[in-house]
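# Close look at the chain arrangement
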Amino acid sequence: MSWPVHPALGDPVMDTMNFLNEIAARYPAAISFAPGRPYDGFFDVEQIFGHLRGYLDHLAAGLNPAQVRDALFQYGPTAGRIQGLIAEALRQDEGFDVPDESIVVTVGAQEAMLLTVRALFSRPEDVLLVCSPCYVGVVGVARLLGVTVRAVPERENGLDAGDLELAIKAEKALGNNPRAVYVIPDHSNPSGNTLGLETREQVLQIAHREQVLVLEDSPYRWAGPSEPVPSLKRLDQHRQVVQLGSFSKTVFPGARVGYVVADQEVAGGGLLAAELAKVKSMVTVNTPPLSQAVVAGALLSGGGGVRDLTAQTRRHYQRAMQLTLDQLELRLAGLPVRWNRPSGGFFLSLQVPFPADDRELISCAEEFGVLWTPMRYFHPDSGGEHGIRLSISCLSDEEIVTGVSRLAVYLTSRCSATSRQ
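The paragraphs below set out a description of the structure included in this document. Since this is a predicted model, take the numbers as computed values, not measurements.

### A closer look at the overall build of the protein chain
Secondary structure assignment for the protein chain yields 14 helices and 13 strands. Against the compact-globule benchmark of 22 Å for 421 residues, the protein chain has a radius of gyration of 22 Å, which places it among compact chains. Across its three principal axes, the protein chain shows a C-alpha extent of roughly 75 × 60 × 55 Å. Within the protein chain, the proportion of its 421 residues that are buried is 54%. Look at the contacts in the protein chain between residues 6 or more apart in sequence, and 73% of them connect residues 24 or more apart.

### Describing the packing of helix α2 (residues 45-60) against helix α11 (residues 289-301)
For the pair α2 and α11, interaxial distance at closest approach is 7 Å and the crossing angle is 85 degrees. Between α2 and α11, the crossing angle belongs to the class labelled roughly perpendicular. Each of Ile 48, His 51, Leu 52, Gly 54, Tyr 55 and His 58 in α2 lies in contact with α11, whose residues at this interface are Leu 290, Ala 293, Val 294, Ala 296, Gly 297, Ala 298, Leu 300 and Ser 301.

### As for α11
What sets the pattern is the α-helix's 3.6 residues per turn: residues three or four places apart point alike. Across its 13 residues, α11 extends 18 Å between first and last C-alpha, which sits within 8% of the 18 Å expected from 1.5 Å per residue. Across the 13 residues of α11, 10 count as buried, placing the element largely inside the fold. Listed in full, the buried residues belonging to α11 are Pro 289, Ser 291, Gln 292, Ala 293, Val 294, Val 295, Ala 296, Gly 297, Ala 298 and Leu 299. Close packing links the buried residues of α11 with α2, α3 (65-73), α4 (83-94) and β2 (103-106). Within two residues after α11, Gly 303 carries a phi angle of roughly 80 degrees, on the positive side.

### Section: the sheet that holds strand β12 (residues 373-374)
Within the open sheet, the 4 strands sit side by side as β9-β10-β13-β12. Their pairing is antiparallel. Only two strands of the sheet have a single partner each, and these edge strands are β9 (338-339) and β12. Strand direction decides the pairing type here: β9 and strand β10 (residues 347-351), joined by 2 bridges, are antiparallel. The partner of Trp 339 across the bridge, within β10, is Leu 350. Together, β9 and β10 form the strand contacts of helix α12 (residues 311-331), whose direction differs from that of β10 by roughly 20 degrees.

### Details of the packing of helix α7 (residues 161-173) against helix α8 (residues 197-210)
Two elements in contact, α7 and α8, have axes whose closest approach is 9 Å; the angle formed by their N-to-C orientations is 20 degrees. With respect to α8, the axis of α7 lies roughly parallel. Here α7 runs over α8; the crossing is right-handed. Two secondary-structure elements touch here, α7 through Ala 161, Leu 164, Glu 165, Ile 168, Lys 169 and Lys 172 and α8 through Thr 199, Gln 202, Val 203, Ile 206, Arg 209 and Glu 210. Counted by class, the contact of α7 with α8 contains 5 nonpolar, 2 polar and 5 charged residues.

### Describing the pairing of β2
Side chains Ile 103 and Val 105 of β2 all project onto a buried face; the interleaved residues Val 104 and Thr 106 project onto the opposite face, where all are buried too. In terms of strand pairing, β2 meets strand β8 (residues 258-261) through 4 bridges, oriented antiparallel. Looking across to β8, one finds that Val 104 is bridged to Val 260.

### Notes on the packing of aromatic side chains
One pass over the structure, following the stated rule, counts 10 aromatic pairs. When the ring of Tyr 220 is compared with that of Phe 347, the centres are 5.3 Å apart and the planes differ by 80 degrees; the resulting orientation is edge-to-face. On the criterion of sequence distance, the pair formed by Tyr 220 in the loop between β6 (213-217) and α9 (232-235) and Phe 347 in strand β10 is long-range, its members being 127 residues apart. Residue classification places Phe 347 among the buried residues on the basis of a relative accessible area of 1%. With centroids separated by 5.9 Å and ring planes inclined at 55 degrees, the aromatic side chains of Phe 346 and Phe 347 adopt a geometry described as tilted. Here the aromatic cluster, defined as three or more aromatic residues joined through ring pairs, consists of Tyr 220, Tyr 317, Phe 346 and Phe 347. When the ring centre of Trp 222 is taken as reference, the NZ or CZ atom of Arg 221 above it lies at 6.0 Å. The ring of Phe 354 is capped by Arg 414, whose NZ or CZ atom sits 4.6 Å from the centre of that ring.

### A few points about the sheet that holds strand β7 (residues 241-246)
Within the open sheet, the 7 strands sit side by side as β2-β8-β7-β6-β5-β3-β4. Their pairing is mixed. Strands with a single pairing partner mark the edges of an open sheet, and in this sheet they are β2 and β4 (148-153). On average, each strand axis in the sheet is inclined to that of its neighbour by 20 degrees, with strand direction left out of account. Bridging between strand β5 (residues 177-183) and β6 involves 4 bridges; their strand directions are parallel. Counterpart to Ala 180 in the pairing with β6 is Leu 213.

Thresholds, definitions, all that
Residues numbered from 1 in each chain as written. Predicted model: local features only at pLDDT ≥ 70, side-chain atom pairs only at ≥ 80, totals over all residues. Heavy atoms only, no water. Helix = DSSP H or I, 4+ residues; strand = E, 2+ residues; numbered from the N terminus. Rg over C-alpha atoms; globule rule 2.2 N^0.38 Å. Buried < 20%, exposed > 50% of the residue type's maximum accessible area, 1.4 Å probe, protein only. Contact = heavy atoms within 4.5 Å. Axes fitted to C-alpha atoms, helices over the stretch in contact; angles between N-to-C directions. Parallel < 35°, antiparallel > 145°, perpendicular 65-115°, else oblique. Expected span 1.5 Å × (residues − 1). Pairing = 2+ DSSP bridges. Left-handed = near helix turned anticlockwise from the far one by under 90°. Nonpolar A, V, L, I, M, F, W, Y, C, P; charged D, E, K, R; others polar. Phe/Tyr/Trp six-rings, centres within 6.5 Å; stacked < 30°, edge-to-face > 60°. Lys NZ or Arg CZ within 6 Å of the ring centre and 35° of its normal.

Given below as structure tokens:
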């Protein structure tokens with residue numbers, strides 16, 4: 001007998017994350033611009049022990065030995081143990097203050113999305129607005145929870161506030177309740193776009209006027225300029241922003257530690273964070289204390305924030321991005337191909353004159369030795385058929401030069417074939 005499973009598991013978006021994790025292994029000889037992994041050339045195993053010892057010393061300054069032991073060996077509070085250190089990091093790095101109790105420590109940002117969407121969306125008419133293209137993880141969460149997703153198409157420079165306002169009004173005209181909009185304002189995955197200050201302020205004004213929450217997810221914020229545009233949460237004057245955070249790109253991804261800043265008041269009293277903790281208690285119960293300890297030690301080693309921790313990797317990402325852009329300019333001159341020019345982050349996107357689908361990807365990997373990701377994976381509805389995402393985050397300079405050279409040969413071949421059709 002074959003057993004039925006939830007219909008959402010048949011949605012193509014559910015295969016995307018596995019694809020991104022596995023495609024490079026299928027073609028080990030190919031240079032891969034596909035996965036969005038952090039650069040690991042600066043990792044050192046001994047750092048983990050140093051961070052752990054630093055946190056233990058921090059605890060020992062205020063706790064007795066039995067309490068220190070429990071902080072590592074026991075489950076710990078569902079909302080987490082290190083909210084105070086995260087609040088201090090936000091204060092130092094981002095310039096805003098939130099109470100410790102408004103923070104929930106999660107098993108990565110993916111759990112943060114799950115908790116938030118589950119807590120906020122309860123009625124059939126509730127709608128989650130997302131940019132298109134969009135990070136697939138939040139779309140997958142919505143599909144699993146039966147939450148309706150509506151796409152707001154990105155323009156070449158990212159989300160347009162006017163488009164967002166029109167989308168909100170359109171949903172309300174249909175009798176729906178646009179509950180929240182999900183955005184990655186800094187070096188977005190997958191497009192690489194960054195929202196300017198004016199657009200951020202406009203988005204917040206619209207959200208306040210229309211009573212829509214903003215789910216701000218910005219894991220690539222410290223993979224760009226050392227003085228980024230102020231975060232939406234920092235600009236937020238009406239508690240419209242729920243910030244979804246991750247230490248995967250700043251400490252290391254294996255820690256699997258993220259967080260939610262949810263300082264909104266809920267009906268009946270209390271903070272949204274407390275409601276998220278209730279959901280978490282029925283999902284992962286708590287975030288592993290050992291992982292929290294390593295992240296906490298890393299924050300302490302960086303003087304309390306992540307800005308200094310990321311200085312070396314930030315320079316790597318910016319150099320890798322600039323090298324990639326320079327190579328594209330050099331090798332794709334004269335081809336009918338367009339691309340954006342991000343100031344940092346992991347990703348950039350290309351537009352090509354032919355459908356960039358799975359068949360093309362496999363052909364490119366097998367015949368030309370280079371991998372990329374079809375942008376259509378990141379469109380909740382249709383779209384992105386002629387788009388390619390390149391990730392530069394985990395490649396060396398030599399790999400970038402060789403990879404773009406191979407990509408150029410592939411694109412020259414395909415553009416020539418397309419022009420003859």
